Amino acid sequence: MQISVMSFNIQHCLNYRTRQIDFDLFAQVIRQSGADIVGLNEVNGRGAGADYLPQAEILAERLGFHAYFAQAIAFDGVNPYGNALLSRYSIETAQTILIPDPETRGYAGYYETRCLLKAVVRTPLTVCVTHFGLNPDEQVLAQETVLAQIEDQRCVLMGDFNMTPDAELLQSIRARMTDTAALIQGPTATFPSDRPDRKLDYLFLSRDLTVQSAEILPAIASDHRPYFTVLSF
């Protein structure tokens, strides 16, 4: 069986060029990619703010997909924000696993509660979508959460890890999973989308899955470019 998977930080569907919320653009990028399963970062849920619409559900409706939204935080206590999964296949189970916050903040940077979305889609395939924090102490806790939740068979892990490929924290994930970036022909950078100069987004597969192809799509919709992989089992 062959399945196409995409990781995409959509920056709450903000058009990178017009700076307006643009569901049509993001639905078009996903549709044209041909992806069967899409992990999304920086997604708004339904809240009190005018821009806090159920974005995963809106995109899923336009694509004819199933959707699950994983809330990591609620801005101002009422505006949900987190990760999401879109799937051409039915979502059998799904859960939101919060990544612990550091007990004390060791850095001066911006801190934000993050989460890991873990779902099983009908094939079956376990799909994990995450978005790591910006600070090293947050990233350690995110790595520990990921290692505790990934499966060793039929598992995909993807998202914005906010670190470059030489980061030491990625090595323990590579020890258990295949980093599909090895198959990318050409540049691997994903950010910023208009002139990408660094790789922040990743797509890992459990060892029993075969990577058929991997590429960074040249779409300028969000501030990140989509990362697309075809796998088989």
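Located above this text is the structure these notes cover.
A. Quick look at the overall build of the chain. Regarding its fold elements, the chain presents 4 helices and 12 strands. Compactness check: the chain gives a C-alpha radius of gyration of 16 Å against a globular reference of 17 Å for 233 residues, within 12% of the reference. Counting only C-alpha atoms, the chain reaches 45 × 40 × 40 Å along its principal axes. Residues counted as buried form 57% of the 233 residues belonging to the chain. Across the chain, the fraction of contacts at a sequence separation of at least 24, relative to all contacts at a separation of at least 6, is 70%. Here the chain displays about 9900 Å² of accessible surface, and carbon together with sulfur accounts for 48% of that area. Of the charged side chains in the chain, 18 are positive and 27 negative, and the gap between their average positions amounts to 5 Å.

B. Structural detail: the side chain of asparagine 44. Positionally, asparagine 44 belongs in strand S2 (residues 37-44). Taking relative accessible area as the criterion, asparagine 44 reaches 3% and is therefore assigned buried. At a separation of 3.2 Å, a polar atom in the side chain of asparagine 44 contacts the main-chain carbonyl oxygen of aspartate 51. Once you skip the residues sitting within four places of it in the chain, asparagine 44 turns out to touch His12, Asp51, Tyr52, Leu53, Pro54, Gln55, Ala56, Phe69, Pro80 and Tyr81.

C. Quick look at the nonpolar core. Grouped together as the largest cluster of nonpolar side chains are 28 residues, with contacts concentrated most on Met6, Phe8, Ile10, Phe26, Leu40, Leu59 and Leu86. Within the residue set of this core, elements represented by two or more residues are strand S1 (2-9), helix H1 (23-33), S2, helix H2 (55-63), strand S4 (79-87) and strand S12 (227-232). Broken down by element, this core gets its largest block of residues, 6 residues, from H1. Contacts of phenylalanine 26, omitting those with residues within four sequence positions, involve Phe8, Ile10, Cys13, Leu14, Asn15, Leu59, Ala221 and Ser222. In this structure, Ala70, Tyr89, Ile184 and Tyr227 belong to the second largest nonpolar core, which totals 26 residues.

D. Fine view of the sheet that holds strand S3 (residues 66-75). Reading across the sheet, the 6 strands line up as S3-S4-S2-S1-S12-S11 and stay open at both edges, with mixed pairing between neighbours. Edge positions in the sheet fall to S3 and strand S11 (210-216), since each has one partner strand and no second. Strand-to-strand twist across the sheet, computed as the mean angle between neighbouring axes with direction ignored, equals 15°. As defined by bridge partners, S1 adjoins S12 across 6 bridges and the pair is classed as antiparallel. Pairing of serine 7 across the sheet is with tyrosine 227, part of S12. Across the sheet, H1 is in contact with S1, S2, S4 and S12; its angle to S1 comes to roughly 155°. Its contacts with the sheet place H2 against S2, S3 and S4, and it is angled at close to 145° to S2.

Calculation rules
Residues numbered from 1 in each chain as written. Predicted model: local features only at pLDDT ≥ 70, side-chain atom pairs only at ≥ 80, totals over all residues. Heavy atoms only, no water. Helix = DSSP H or I, 4+ residues; strand = E, 2+ residues; numbered from the N terminus. Rg over C-alpha atoms; globule rule 2.2 N^0.38 Å. Buried < 20%, exposed > 50% of the residue type's maximum accessible area, 1.4 Å probe, protein only. Contact = heavy atoms within 4.5 Å. Areas by Shrake-Rupley, 256 points an atom, 1.4 Å probe, with all protein chains shown as cover. Lys, Arg positive; Asp, Glu negative; His and termini not counted. Charge placed at Lys NZ, Arg CZ, Asp CG, Glu CD. Polar contact = N/O pair within 3.5 Å; in protein donor to acceptor, adjacent residues only side chain to side chain. Core = buried A, V, L, I, M, F, W, Y, C linked by side-chain atoms within 4.5 Å. Pairing = 2+ DSSP bridges. Axes fitted to C-alpha atoms, helices over the stretch in contact; angles between N-to-C directions.

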